[in-house]
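Residues per chain, in single letters:
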Amino acid sequence: MIDPVSWVETARNEGATLWTGVPCSYLTPLIDCVIAHPQLAYVPAANEGDAVAIAAGAWLGGGLGVTLMQNSGLGNAVNPLTSLLQPFAIPMLLLVTWRGQPGGPADEPQHQLMGQITPGLLDLMEIPWEILPEEAEEARLCLQNQLRMLRQQGRCRALIIPKGRFQAHPPTPPLEKKPVGAILPDPKVAAQLTRGQMLEGLLRQWGPNDLVVATTGYTGRELYALQDRVQHLYLVGSMGCACSVGLGLALSRPDRKIWVLDGDGALLMRMGAMTTLGWVRPPNLVHLVLDNACHESTGAQATVSPSLDLCQVAAGCGYPRVLQWTRPEPLDGSQLTFIHCPIVPGIAQSLPRPQQTPAQVAARFRQALGL
Ligand SMILES: Cc1ncc(C[n+]2csc(CCOP(=O)(O)OP(=O)(O)O)c2C)c(N)n1
């Protein structure tokens, strides 16, 4: 069996900086060990896909992420694994447990099919994997080797973890309970500007230290068309993951201000991610939602956002400052901020797509950060 303390230390020595995920009982000693570690942070994600995006953000800011999940959660993570890590060439280590392992211990019916297809699913996603060995020294070498290879190759790799691999670790106390209660802005105001006009105003106020993560679809494309800066990340795919990428980035780069430009459709897709942002509360992150009440990028199909109060949602999740803008305003202070921006639909006649590949966008972004 593996001592989780020395295994985690091996990962740390190989440059792993951020641990995130959703628990599986097979990983309890490991998670407890990371939470108890004085130099490591465990970011409790609401969804395995969000965890992948958080770890991706960590790498974009110069860290390296380890993402833990039960193999059930591999299903939740398929979209960011295929449309974020792959196109942007983002390395990370996935620790995927093997509930329902064929020939393994008896397990619940809901794990049987996923247990059978876990290695095949990783193969289909072109994620190289290895089964974590049982013996401690072999497991240490396996971890070291995986972390070295994934860094060299700029790709994600996985360790499949059967039952009972880790020795027990003392349990940690529950997560700190943080009070919520941001002051809410006045009830919804009417939109005045288009997304483009809003972005123009934001571009005027950003400097070289402002890093921007733009959600997939028209937001990234319109930002690119207005002004291409090396500090921009134009997400393609991974819909709903922008704020989680921003969270990982904000934790890796506390010296920079991170602006996440979200859409209402994208936010609704992964609204659970707001609970993690609202708990971690990175003071250098601004989560700005361009709310046109529709999925404009796919033909302007309505979203349910007009029937929601996203400001209340953000306040309820623990964002300490919640604002509403109909036009860009100066923003001072340093605390996690949610900005609801009602906008009117409408885009430029022809909208170019970024000339650079996503991998090139990520590489120049990291280069601009001195990485
Ligand atoms: C998982 C997933 N489902 C659906 C899509 C297709 N899609 C791309 S952009 C988009 C709409 C996004 O809406 P919103 O975030 O409100 O931004 P807007 O297009 O209005 O700027 C959709 C549905 C996708 N890329 N990924």
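Residues numbered from 1 in each chain as written. Predicted model: local features only at pLDDT ≥ 70, side-chain atom pairs only at ≥ 80, totals over all residues. Heavy atoms only, no water.

Notes on the overall build of the protein chain
Next, step 1: Helix and strand content of the protein chain: 13 helices and 14 strands.
Next, step 2: A compact globule built from 371 residues should have a C-alpha radius of gyration of about 21 Å, and the protein chain, at 21 Å, falls within 12% of that.
Next, step 3: Counting only C-alpha atoms, the protein chain reaches 65 × 45 × 40 Å along its principal axes.
Next, step 4: With 371 residues in all, the protein chain has 55% of them scored as buried.
Next, step 5: Within the protein chain, residue pairs in contact and separated by at least 24 positions form 78% of the contacts whose partners lie at least 6 positions apart.
Next, step 6: Taking the average place of the 26 positive charges on the side chains of the protein chain and the average place of its 29 negative ones, the gap between the two points comes to 5 Å. (Helix = DSSP H or I, 4+ residues; strand = E, 2+ residues; numbered from the N terminus. Rg over C-alpha atoms; globule rule 2.2 N^0.38 Å. Buried < 20%, exposed > 50% of the residue type's maximum accessible area, 1.4 Å probe, protein only. Contact = heavy atoms within 4.5 Å. Lys, Arg positive; Asp, Glu negative; His and termini not counted. Charge placed at Lys NZ, Arg CZ, Asp CG, Glu CD.)

Describing the environment of Ser-305
Next, step 1: As for its placement among the helices and strands, Ser-305 is situated in the loop between strand S12 (301–302) and helix H12 (310–317).
Next, step 2: Of the residues examined, Ser-305 reaches a relative accessible area of 1% and is grouped as buried.
Next, step 3: Excluding residues that lie within four positions of it along the chain, Ser-305 makes contacts with Lys-188, Asp-264, Leu-268, Asp-291 and Ala-293.

Examining the sheet that holds strand S3 (residues 65–69)
Next, step 1: The six strands lie next to each other as S2-S1-S3-S4-S6-S5, forming an open sheet whose pairing is parallel. On the outer flanks of this sheet lie strand S2 (41–44) and strand S5 (129–131), each paired with one strand and no other. Adjacent strand axes in the sheet meet at a mean angle of 20°, parallel and antiparallel pairs treated alike.
Next, step 2: Bridging between strand S4 (residues 92–97) and strand S6 (residues 156–161) involves six bridges; their strand directions are parallel. Following the sheet pairing, Met-92 is matched in S6 by Cys-156.
Next, step 3: Running over the sheet, helix H2 (residues 28–36) touches strand S1 (18–21), S2, S3 and S4 and is turned about 120° from S2.
Next, step 4: The sheet strands contacting helix H6 (residues 136–153) are S4, S5 and S6, and the helix crosses S6 at an angle near 160°. (Pairing = 2+ DSSP bridges. Axes fitted to C-alpha atoms, helices over the stretch in contact; angles between N-to-C directions.)

Digging into the site of the ligand
Next, step 1: Every one of the 15 residues lining the ligand counts as a neighbour, but Arg-195, Gly-265, Ala-266, Cys-294 and Ser-297 are closest to it.
Next, step 2: Contact between the ligand and Ala-266: an oxygen atom at 2.8 Å from a main-chain N or O atom of the residue.
Next, step 3: In the complex, the protein chains occlude 77% of the 590 Å² of accessible area that the ligand would expose alone.
Next, step 4: Sorting the residues of the shell around the ligand by element identifies helix H10 (264–269) and strand S11 (294–295) as the ones contributing at least two each. (Near = heavy atom within 4 Å. Polar contact = N/O pair within 3.5 Å; in protein donor to acceptor, adjacent residues only side chain to side chain. Areas by Shrake-Rupley, 256 points an atom, 1.4 Å probe, with all protein chains shown as cover.)

Some words on the packing of aromatic side chains
Next, step 1: Per the stated rule, a full pass over the model turns up four aromatic pairs.
Next, step 2: Plain terms: the ring middles of Trp-7 and Phe-166 are 5.3 Å apart, the flat faces sit at 70° to each other, and that makes the pair edge-to-face. With Trp-7 in helix H1 (residues 4–13) and Phe-166 in the loop between S6 and helix H7 (195–205), this residue pair connects regions lying 159 residues apart in the sequence.
Next, step 3: With relative accessibility at 1%, the residue Trp-7 sits in the buried group.
Next, step 4: Note on Tyr-319 and Phe-338: the rings are 5.5 Å apart at their centroids and 80° apart in plane angle, and the pair reads as edge-to-face. Here Phe-338 lies in strand S14 (residues 337–342) and Tyr-319 lies in the loop between H12 and strand S13 (321–324), a separation of 19 residues in the sequence.
Next, step 5: Overall, the relative accessible area of 0% leaves Tyr-319 in the buried class.
Next, step 6: On the basis of relative accessible area, Phe-338 is assigned to the buried category, the value being 0%.
Next, step 7: The cationic tip of Arg-366 hangs over the ring face of Trp-59; the distance from NZ or CZ to the ring centre is 3.9 Å. (Phe/Tyr/Trp six-rings, centres within 6.5 Å; stacked < 30°, edge-to-face > 60°. Lys NZ or Arg CZ within 6 Å of the ring centre and 35° of its normal.)

Considerations on the nonpolar core
Considering soluble globular proteins, one finds that nonpolar side chains tend to be buried as a cluster.
Next, step 1: One finds Trp-7, Trp-19, Leu-81, Leu-94 and Leu-95 to be the most contacted residues of the largest nonpolar core, which totals 117 residues.
Next, step 2: With nine residues, the top contributor of residues to this core is helix H3 (residues 48–60).
Next, step 3: Taken domain by domain, this core gets at least three of its residues from each of domain 1 (4–161) and domain 2 (195–368).
Next, step 4: If sequence neighbours within four positions are ignored, Leu-94 has contacts with Val-52, Thr-67, Met-69, Leu-81, Ile-127, Cys-156, Arg-157, Ala-158 and Leu-159. (Core = buried A, V, L, I, M, F, W, Y, C linked by side-chain atoms within 4.5 Å. Domains from an automatic or database assignment.)

Remarks on the packing of H3 against helix H4 (residues 72–88)
Next, step 1: It is the contact of H3 with H4, at a shortest axis distance of 6 Å, that shows an interaxial angle of 35°. Between H3 and H4 lies a crossing whose hand is right-handed. Residues Glu-48, Gly-49, Val-52, Ala-53 and Ala-56 of H3 lie in contact with H4, whose contacting residues are Gly-73, Asn-76, Ala-77, Pro-80, Leu-81, Leu-84 and Leu-85. (Left-handed = near helix turned anticlockwise from the far one by under 90°.)

Quick notes on helix H9 (residues 242–252)
Next, step 1: Most of H9 is tucked away: nine of the 11 residues are buried.
Next, step 2: By the burial criterion, the buried members of H9 are Ala-242, Cys-243, Ser-244, Val-245, Gly-246, Leu-247, Gly-248, Leu-249 and Ala-250.

Considerations on the sheet that holds strand S9 (residues 257–263)
Next, step 1: The six strands are arranged S8-S7-S9-S10-S14-S13 in an open sheet whose pairing can be described as parallel. Each having just a single partner strand, strand S8 (232–234) and S13 make up the two edges of the open sheet. Strand-to-strand twist in this sheet, taken as the mean axis angle between neighbours without regard to direction, amounts to 15°.
Next, step 2: Bridge count for strand S7 (residues 210–214) against S9 is five bridges, and the pairing is parallel. Bridging from a neighbouring strand, Ala-214 pairs with Leu-261 of S9.

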